[in-house]
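Single-letter residue listing:
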Amino acid sequence: MQRNNVYSRSYKLVLVALMIAMTLIINRVFPATPVYHISVDFIPVFIVAVIFGPLWSALTYALADAIGAILFPVGPFNPGITFTLFLLGLAFYKKDLSGKLLWLRSLLAAAISLLIKLLGTTYFLYLTFGGPNGMGYFAYVISRIPNCVIFAALVFVLLPIIQRVIVVRIIK
């Protein structure tokens, strides 16, 4: 039996659907921490980005968030947060690099994710829930700095490992 081509339509559809399901499981079924939402739900999105490109990864992250908001609601559905996750999916671009360039790409993705999470997601959370204890937007940004920095650190550390361990095996 011949193995599926990585770029065939059916393979792409099945792998993206599997990664959406994995993102849902990581993000909604096994939530990270009760105080801060620190999760590794970006791992399946990164796998899609490396194999199929940034548009597919952005759609994967946005669809996973929209489906998760419908199936496992935590609060009201916020399309702004879904949009920031779409932008975050675009940050994991497709270029297959190795060595120092892989770490540089990981650093760039971590910096972009820090900005998107800190400014974009915080803004839409502020619009939806307001600031804790009547705080303004910038006070809310300051309160979310530890969460966003830890997320960016996870992105920086895990992306090269995922590239070398998981993505290489999927492509082969």
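A.B. asks: Explain the overall build of the chain to me, please; I cannot follow it from the model alone.
C.D. replies: For the chain, the count of helices and strands is seven helices and zero strands. The helix and strand sequence of the chain, counted from the amino end, reads α-α-α-α-α-α-α. For the chain, the proportion of its 172 residues judged to be buried stands at 44%. Across the chain, every contact between residues at least 6 apart in sequence was considered, and the portion connecting residues at least 24 apart equals 72%.

A.B. asks: Sorry, what's going on with the packing of helix α1 (residues 9-29) against helix α2 (residues 42-52) here?
C.D. replies: Geometrically, a packed helix pair is captured by the angle between its two axes and the distance between the axes. Look at α1 against α2: their axes get within 8 Å of each other, and the N-to-C directions meet at 160°. Classed by the angle they form, the pair α1 and α2 counts as roughly antiparallel. Pair α1 / α2 crosses with left-handed handedness. Here α1 contributes Y11, K12, L15, V16, M19, M22, T23 and I26 to the contact with α2, which in turn contributes P44, V45, I47, V48, I51 and F52. Taken together, the residues of the contact of α1 with α2 sort by class into 12 nonpolar, one polar and one charged.

A.B. asks: Teacher, can you tell me more about α2 here?
C.D. replies: Owing to its 3.6 residues per turn, the α-helix brings residues three or four apart onto one side. The element α2 is extensively covered by neighbouring structure, given that 11 of its 11 residues are classed as buried. Remark: G53 follows α2 within two positions and exhibits a positive phi of approximately 110°.

A.B. asks: Help me out: how do you make sense of the side chain of K117 in this one?
C.D. replies: Structurally, K117 can be placed in helix α5 (residues 100-129). In this structure, K117 is buried with no salt-bridge partner, the nearest side chain bearing the opposite charge being D41 at 5.8 Å. Excluding residues within four positions of it along the chain, K117 makes contact with L88, T122, R144, C148 and F151.

A.B. asks: Honestly, the packing of aromatic side chains in this entry has me stumped. Any pointers?
C.D. replies: Inspection of the entire model under this criterion finds 10 aromatic pairs. Here F46 and F92 contribute two aromatic rings whose centre-to-centre distance is 6.1 Å and whose plane-to-plane angle is 85°, an arrangement assigned as edge-to-face. Here F46, found in helix α2, pairs with F92, found in the loop between α4 (79-91) and α5; they are 46 residues apart in sequence, far enough to count as distant. The buried category is assigned to F46, whose relative accessible area is 1%. With a centroid separation of 6.4 Å and 55° between ring planes, the pair formed by F52 and W56 is classed as tilted. Here a set of aromatic residues connected by ring pairs shows up, and it is made of Y123, F124, Y126, Y137, F138 and Y140. Above the ring of F151, the side-chain terminus of K117 is found at 4.6 Å from the ring centroid.

A.B. asks: Honestly, the packing of α2 against helix α3 (residues 54-71) in this entry has me stumped. Any pointers?
C.D. replies: Relative orientation of the contacting elements α2 and α3 amounts to 155°, with a least axis distance of 7 Å. Relative to α3, the element α2 is oriented roughly antiparallel. Our pair here, α2 against α3, has a crossing hand that is right-handed. Contact with α2, carried on its side by F42, V45, V48, A49 and F52, involves P54, W56, S57, T60 and Y61 of α3 and no other residues of that element. Residue composition of the contact of α2 with α3, by class: eight nonpolar, two polar and no charged.

Rules used in this analysis
- Residues numbered from 1 in each chain as written.
- Predicted model: local features only at pLDDT ≥ 70, side-chain atom pairs only at ≥ 80, totals over all residues.
- Heavy atoms only, no water.
- Helix = DSSP H or I, 4+ residues; strand = E, 2+ residues; numbered from the N terminus.
- Buried < 20%, exposed > 50% of the residue type's maximum accessible area, 1.4 Å probe, protein only.
- Contact = heavy atoms within 4.5 Å.
- Axes fitted to C-alpha atoms, helices over the stretch in contact; angles between N-to-C directions.
- Parallel < 35°, antiparallel > 145°, perpendicular 65-115°, else oblique.
- Left-handed = near helix turned anticlockwise from the far one by under 90°.
- Nonpolar A, V, L, I, M, F, W, Y, C, P; charged D, E, K, R; others polar.
- Lys, Arg positive; Asp, Glu negative; His and termini not counted.
- Salt bridge = Lys/Arg side-chain N within 4 Å of Asp/Glu carboxyl O.
- Phe/Tyr/Trp six-rings, centres within 6.5 Å; stacked < 30°, edge-to-face > 60°.
- Lys NZ or Arg CZ within 6 Å of the ring centre and 35° of its normal.

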